[in-house]
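One-letter residues, chain by chain:
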Amino acid sequence: MKIYADYAATAPMRRAAIDAMVSAMENQYGNASSLYAIGQSAKEALEQARGEIASVIGASAKEITFTSGGSEADNQAIRSAALLGKKAGKMHIISTAFEHHAVLHTLKKLEREGFSVTLLPVHENGIVRAEEVAAAIREDTCLVTVMYANNEIGTIQPIREIGAVCRSRGVLFHTDAVQAVGHLPISVADENIDLLSASAHKFGGPKGIGFLYARKGVRLESLIEGGAQERGKRAGTENVPAIVSMAAALKESASSIGKTAPHQLAMRDRLIAGLREIPHCALNGDASQRLPGNVNFCFEGIEGESLLLLLDDRGISASSGSACTSGALEPSHVLLAIGRKHDVAHGSLRLTIAPDITPEEVDYLIQSVKEVVEYLRGFSPMWRDRISGKAEFIL
Ligand SMILES: *Cc1c(COP(=O)(O)O)cnc(C)c1O
């Protein structure tokens, strides 16, 4: 059996998105800035896509700027809000300890430029509290940036409550919604969101394209100098095929949320229940306040990367927040942020499943993980120490 269970890393492209992309490559090959008919045809396709994307999140077309993906959208949103803040003499930013690196590294850079940053703690359930955001807001706070749903542990944040707090205190609110757009219903107006980042390849569109929503009146700063594309907010010839394809993917995924979510939820919970039978393990993140496709566990006494390689041998593509796979020495900052100890954080496994996964596939995942964990524990010194009582179990 072959199971791709790494949808949070990237999703396979939807058929409708591939078809839209190929069609645009064949037919809308003009430069959208050119005045002749072939250019204008590309321009029309571009603007139609912008309108379709805007309507999915309850925005207007002018509030959508296309970017190269989620990382660029995060950088641009945060830099823009920081600059607005600086002009108003406000140089304090609030975020959380478990954001994506596109957010955290941008904030680190801003700190070196004189901003002060408060990273709110994340509770063991992987959820930030709106009251804590409210308590952290100061006179000089210019921006709150909190992700919509976490990419590792899938926990969904109280965005509507945080948005309400920010709006009432006159502070801009950005959310990295890369894991949520196309997966959860979103309304930027109802949720008081000023800036929102999204990426096509997380909802069945192509890689290298995304968008930034900026509420009317929130001025974006261009990160890339050049031509006047995207109303001067993002220079460079627009990637019309990718943009049109992103719109097709988003329309389809947003309209299927209601249809696929109940099944995906049931499959997620079946997977969680099955893996919970493994001794000395823990589910990472709240059991219910999480994305319908996300399962993330820590297994005591093993290394995540060995687990991944052995699962790959069985046809399963999964992910881990552990050392070697991510090329970093530290275990996942997300797992550390929710209070997992280093040893345990190294033994993590993230399975992010397809909306149409079958019960048989879920059972194969459960069986495979059970066998591989048991096998690895068989020759793990860490596990032997715990079994013999030399070291204490953490989980
Ligand atoms: C994938 C991801 C990003 C980065 O998006 P890219 O399009 O790959 O640059 C940012 N934030 C979150 C939460 C993500 O999951």
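Conventions adopted
For every chain, the first residue of the written sequence is number 1, and numbering continues from 1 along that sequence. At least 70 in pLDDT is required for a residue's local features to be given in this predicted model, at least 80 for side-chain atom pairs to be given and counted, and no such filter applies to totals for whole chains, interfaces and linings, which use all residues. The side-chain values count all of the structure's non-hydrogen atoms but skip hydrogen atoms and water molecules. Every helix listed is a DSSP run of H or I at least four residues long, and every strand listed is a run of E at least two residues long, numbered separately from the N terminus. The buried label goes to any residue with under 20% of its type's maximum accessible area, the exposed label to any with over 50%, and the partly exposed label to all in between, with areas taken from a 1.4 Å probe on protein chains only. Two N or O atoms count as a polar contact when they lie within 3.5 Å, although within protein this holds only if one can serve as hydrogen donor and the other as acceptor, and sequence-adjacent residues are included solely when both atoms are side-chain atoms. Here the bounds of each domain stem from an automatic or database domain assignment. By definition in these notes, contact holds between two residues if any of their heavy atoms fall within 4.5 Å. Buried area is understood as the total, over both parts, of accessible area removed when two parts are fitted together, assessed with a 1.4 Å probe. The salt bridge criterion pairs a side-chain nitrogen of Lys or Arg with a carboxyl oxygen of Asp or Glu, the two atoms within 4 Å. Grid points spaced at 1 Å and placed over the protein atoms alone form the basis of the search, with a cavity being a set where a 1.4 Å probe fits but cannot get out and a pocket an open set showing protein on both sides within 12 Å along at least five of seven lines. Lining residues have an atom within 4 Å of a point. Grid points are joined across faces, edges and corners, and a volume is the space filled by probe spheres set on the points. As a working rule, the residues Ala, Val, Leu, Ile, Met, Phe, Trp, Tyr, Cys and Pro are called nonpolar, Asp, Glu, Lys and Arg charged, and the rest polar, with Gly in that last group. Angular values range over 0 to 180 degrees, each being the angle between N-to-C directions of two axes fitted as lines to C-alpha atoms, with helices fitted over their stretch in contact. What sets the label is the angle itself: under 35 degrees gives roughly parallel, over 145 gives roughly antiparallel, 65 to 115 gives roughly perpendicular, and the rest give oblique. Two helices cross in a left-handed way if the nearer one is turned anticlockwise from the farther one by less than a right angle. They cross in a right-handed way if the turn is clockwise.

Draft legend 1. Molecular detail of the side chain of T96. Examined against the element boundaries, T96 turns out to sit in strand β3 (residues 92-96). A relative accessible area of 0% means that T96 is categorised as buried. A distance of 2.7 Å separates polar atoms of two side chains, one belonging to T96 and the other to E99.

Draft legend 2. Geometry of the domain arrangement of the protein. Taken domain by domain, the protein consists of domain 1 (15-255) and domain 2 (257-388). Each partner contributes residues to the interface: domain 1 has 27 residues there, and domain 2 has 20 residues. In total, domain 1 and domain 2 occlude about 1,900 Å² of area from one another, counting both sides; carbon and sulfur atoms represent 56% of this. Counting the contacts that link domain 1 with domain 2 gives one salt bridge. Residues R340 and E124 are paired through a salt bridge, measuring 3.8 Å at the closest nitrogen-oxygen approach. There are 12 residue pairs in polar contact (both at pLDDT 80 or more) connecting domain 1 and domain 2. Going through the elements one at a time, α4 (101-112) and α7 (240-275) are the ones with two or more residues in the side of domain 1 that touches domain 2. Tallying contributions element by element places α7 first for the side of domain 1 that touches domain 2, with three residues.

Draft legend 3. Just empty space enclosed by the protein, in detail. This structure, assessed with the given rule, holds one cavity of 30 Å³ or more. In this structure, the largest cavity spans a volume of roughly 40 Å³. Forming the boundary of the largest cavity are S80, L83, L84, K87, R219, L220 and E221. In terms of residue class, the lining of the largest cavity is made up of three nonpolar, one polar and three charged.

Draft legend 4. Region of interest: the packing of helix α2 (residues 37-56) against α7. The geometry of α2 relative to α7 is characterised by a closest axis approach of 9 Å and an angle of 30° between their N-to-C directions. In terms of orientation, α2 and α7 fall into the roughly parallel class. Helix-helix and strand crossings are classified by hand; for α2 and α7 the assignment is left-handed. Contacts between α2 and α7 pair A42, A45, L46, A49, E52, I53 and V56 from the former with V240, I243, V244, M246, A247, L250, K251 and A254 from the latter. Taken together, the residues that form the contact of α2 with α7 break down as 13 nonpolar, no polar and two charged.

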